[in-house]
Amino acid sequence: MTVVAGVDFGTLSVRVTLVDSKSGPIGTASASYPLHRRREDPNFATQSHADQMNALAEATREVLRTTGIDGSAVASIALDTTGSSVIPVGENLEPLDDYYLWCDHRAHREAEEITAKAHALKFEGIDWCGGVYSHEWGFAKLLHWLRNNPDKRDRFVTALEHCDMVAATLSGVKTVNALKRSICAMGHKWMWNPKWNGLPPEEFLVAVDPLLAGVRAKLGGEYLTSDHLAGHLSPEWAEKLGLKTGIPIPVGAFDAHWDAIGSNCAEGDVVNVVGTSTCIIAMARKAELVPGVCGVVPGSVHPTYTGIEAGLSATGDIFEAIARRAQTTVAELSKGLDAYKAGQTGLLRLSWDNGDRTVLVNPELGGVTLGWNMIHTAQDELFAAIEGTAFHTRIILERMAEHGVRVDRVINAGGIPQKNEVLNRVYANVLNKPVLVPAGIPTSLGSGIFALLAAGAYKSIEEAQAAVCLPLRTIEPDPNAASVYEQLYKLYRDVYFALGRRDAAPVALGRVLPELRKIAAAAHTQG
């Protein structure tokens, strides 16, 4: 028996799970930290590294206390984080500022400039991230920081992704040369790829802005997949966490990618990690470029496969916003949703409240709801929002399938599918595919699997998955509901591309509202 710690840093809290090599998860604890927002700037979202590390210590000691496991018995610790969450650091890798969190969208101008220059100079990297560089990603955020912090530029040593910063902190790494960087993070968000010798060339970065001169060299260290070690737990942090000094720490990754591993993802599976946003993860032995899909990176999910990442910029956040405007909670507003039928609301809602991450990659968009009448309720809007996120997911899965990604099974992971059976049912009906749901929350279980590999308990991811992953239950699509959603999806797809692109060809949208009424009337008649 080997016990390890799997860590997951989310947007608002960190979760630590102890995993037994034979019986799987044996206990979990979490601790929260503040998210800094500004009412005058909705694009602003930052977090303190110190707050996050304090929360990690709190959660680790709590899970040891509640499980009764002695910290000296924990054989390794692995961690995943949000991303792209970027922190600029100075000497000894000390933070110069807070993290630009994944949902910080201040760098939209910088992202547009990077995209335009990449196309103008025909830099291949832009094709491997879907043709558009996102405002959520590393170079855009770093350039925004350099432009807006001239007083700190002379102290800038390097920038790190959250997962690499935490691993370096725990390992006591103080220099860039000693850093181990995650191929998952750097491949999906910084255009790293062995095809062009790693990061984008210096001449390209300088062409975007001379402030990026020398940055490529500063992003040093060794770039590795997560079957390698980032380091070993330092005495300082062993004491803070209540663990044993020197235990191995594998190279980290992004939360959704390891959530997919913890959800028993294999080739042919697509994992929807549904939370505040949705990350959609797949992996393939061979993969081609997928227009509008934000990352195709060798070794990013599973070291021996190519990882494919896409997603929705907001999911649970949309549900929360609807409930907040109605001065209630999502749980309260969800009561009775299980009686709703496909299309009965007559509403068609697009999930653009936080922009479009895939496949339009457009931060300028906003939420759209079509079909309102005088008696619609917030509950109607919530159901339409669930349908809308499912339609958007289908657009993404179809785009991936068009470009050679197998979509044999759909797994709904993340926190929301555990407590929202209506969402699982709607997704199965909209996608017209069985949807599998883990029997419990797999968050931080993926970290546990990589920790088990680092501890030598298993030789392969597949062996560890077979031993510790949660069983999956299946929600089959209902043929009648799937038929209704087939009609609605055609309307959604037309509206999605007609309103979402500035250069969209004219589309006759005049049929949309009458069709919504017709579908809603049929649903009520059946009821």
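For the structure itself, consult the block above.
Residues numbered from 1 in each chain as written. Predicted model: local features only at pLDDT ≥ 70, side-chain atom pairs only at ≥ 80, totals over all residues. Heavy atoms only, no water.

Visitor: It is not clear to me how the pattern of salt bridges should be interpreted in this structure. Could you clarify?
Guide: Side-chain pairs of opposite charge can arise where the charged atoms are in close proximity. On inspection of all chains with the given rule, the structure shows 25 salt bridges. Between K189 and E309 there is a salt bridge; the shortest N-O distance is 3.1 Å. You can see K189 sitting in helix α6 (residues 183-189) and its partner E309 sitting in strand β18 (residues 306-312), a full 120 residues away along the chain. For K189, a relative accessible area of 1% corresponds to the buried category. Between E364 and R502 there is a salt bridge whose closest N-O contact spans 2.7 Å. (Salt bridge = Lys/Arg side-chain N within 4 Å of Asp/Glu carboxyl O. Helix = DSSP H or I, 4+ residues; strand = E, 2+ residues; numbered from the N terminus. Buried < 20%, exposed > 50% of the residue type's maximum accessible area, 1.4 Å probe, protein only.)

Visitor: Would you mind showing me how to read the packing of helix α18 (residues 479-500) against helix α19 (residues 512-526) here?
Guide: Angle between the axes and distance between the axes: these two values describe a pair of packed helices. Direction vectors running N to C along α18 and α19 enclose 160 degrees, while the axes themselves pass 11 Å from each other. By the angle between their axes, α18 is roughly antiparallel relative to α19. Relative to α19, α18 is oriented so that their crossing is left-handed. On the side of α18, the interface is formed by V484, Q487, L488, L491 and V495, while α19 contributes V512, E515, L516 and I519. The residue inventory of the contact of α18 with α19, partitioned by class, reads 7 nonpolar, 1 polar and 1 charged. (Axes fitted to C-alpha atoms, helices over the stretch in contact; angles between N-to-C directions. Parallel < 35°, antiparallel > 145°, perpendicular 65-115°, else oblique. Left-handed = near helix turned anticlockwise from the far one by under 90°. Contact = heavy atoms within 4.5 Å. Nonpolar A, V, L, I, M, F, W, Y, C, P; charged D, E, K, R; others polar.)

Visitor: Just checking my understanding: could you explain the packing of aromatic side chains for this structure?
Guide: Centre-to-centre distance and the angle between the planes together describe a pair of aromatic rings. Counted under the stated rule, the structure contains 15 aromatic pairs. When the ring of W192 is compared with that of Y223, the centres are 5.8 Å apart and the planes differ by 10 degrees; the resulting orientation is stacked. In this pair, W192 sits in the loop between α6 and α7 (202-208) while Y223 sits in strand β11 (residues 222-224), placing the two residues 31 residues apart along the sequence. You can call Y223 buried: its relative accessible area is 16%. (Phe/Tyr/Trp six-rings, centres within 6.5 Å; stacked < 30°, edge-to-face > 60°.)

Visitor: Would you mind going over the sheet that holds strand β21 (residues 409-413) with me for this structure?
Guide: What links the strands of a sheet is backbone hydrogen bonding, and the strands pair in either a parallel or an antiparallel sense. Pairing in this open sheet of 7 strands is mixed, and the strands run β17-β18-β16-β15-β21-β22-β23 from one edge to the other. One side of each edge strand has no neighbouring strand; the edge strands of this open sheet are β17 (295-298) and β23 (472-475). Direction aside, neighbouring strands of the sheet carry axes that sit 25 degrees apart on average. Lying over the sheet, helix α10 (residues 255-262) contacts β15 (269-274), β16 (278-284) and β18, oriented at roughly 60 degrees with respect to β16. Across the face of the sheet, helix α15 (residues 421-431) comes into contact with β15, β21, β22 (435-438) and β23 while running at roughly 60 degrees to β23. (Pairing = 2+ DSSP bridges.)

Visitor: Looking at this model, I keep getting lost on the sheet that holds strand β1 (residues 3-9). Mind explaining?
Guide: Judged by pairing direction, the sheet is mixed, and its 5 strands sit side by side in the order β3-β2-β1-β6-β14 without closing on themselves. Pairing within the sheet leaves two strands with one partner each, and these edge strands are β3 (24-32) and β14 (253-254). Where strand β2 (residues 13-20) and β3 come together, 8 bridges link them in antiparallel fashion. Directly across from T17, in β3, lies its bridge partner T28. Helix-sheet contacts for helix α16 (residues 445-455) involve β1, β2, β3 and β6 (74-81), and the interaxial angle to β6 is about 135 degrees.

Visitor: How do you make sense of the environment of F450 when you look at a structure like this?
Guide: Residue position: F450 is located in helix α16. When the C-alpha atoms of F450 and L224 are compared, they prove to be 14 Å apart, with 226 residues separating the residues in sequence. In contact with F450, not counting residues within four places along its chain, are A78, S226, P250, W258, I261, V301, P303 and I461.

Visitor: Can you help me understand helix α2 (residues 108-120) in this one?
Guide: Along an α-helix, residues three or four apart share an orientation, since each turn contains 3.6 residues. Given a rise of 1.5 Å per residue, 13 residues ought to cover 18 Å, and the 18 Å separating the end C-alpha atoms of α2 matches this to within 8%. Listed in full, the buried residues belonging to α2 are E110, A111, I114, T115 and A118. Looking straight down α2, one finds its buried side chains confined to an arc of 135 degrees; they lie on one side. As for α2, its buried residues are in contact with α3 (125-128), α4 (138-148) and α7. (Expected span 1.5 Å × (residues − 1). Arc of directions from axis to C-beta.)

Visitor: I tried to follow unusual backbone geometry on my own but got confused; where do I start?
Guide: With glycine set apart, most residues show a phi of negative sign, and most peptide bonds adopt trans. Geometrically, the link from G83 to S84 is a cis peptide bond, its omega value of 5 degrees lying close to zero. Between T358 and V359 the backbone carries a cis peptide bond, its omega angle lying at 10 degrees. Residue position: V359 is located in the loop between β19 (348-350) and β20 (368-370). One non-glycine residue, K122, lies in the positive phi region at around 55 degrees.

Visitor: What is the right way to read the layout of surface pockets from this model?
Guide: Any empty space left between atoms is shown by rolling a water-sized probe over those atoms. Quantified by volume, the largest pocket comes out at close to 1,100 Å³. Around the largest pocket, the lining is made up of 44 residues, and of these V274, G275, T276, G415 and I416 lie nearest the centre. The set of elements that each furnish at least two residues to the lining of the largest pocket consists of β2, α10, β15, β18, α11 (316-325), α12 (330-334), α14 (416-419) and α15. Broken down by element, the residue count for the lining of the largest pocket peaks at 4 residues, all from α10. Tallied by class, the residues present in the lining of the largest pocket amount to 16 nonpolar, 17 polar and 11 charged. Put simply, the second largest pocket is a space of about 720 Å³. Along the wall of the second largest pocket there are 26 residues; nearest its centre are R37, P42, D317, R324 and N354. Of all the secondary structure elements, the ones that give two or more residues to the lining of the second largest pocket are β4 (36-38), β5 (41-47) and α11. (1 Å grid on protein atoms, 1.4 Å probe; cavity = no way out; pocket = protein on both sides within 12 Å on 5 of 7 lines; lining within 4 Å. Points joined across faces, edges and corners; volume = space filled by probe spheres on them.)

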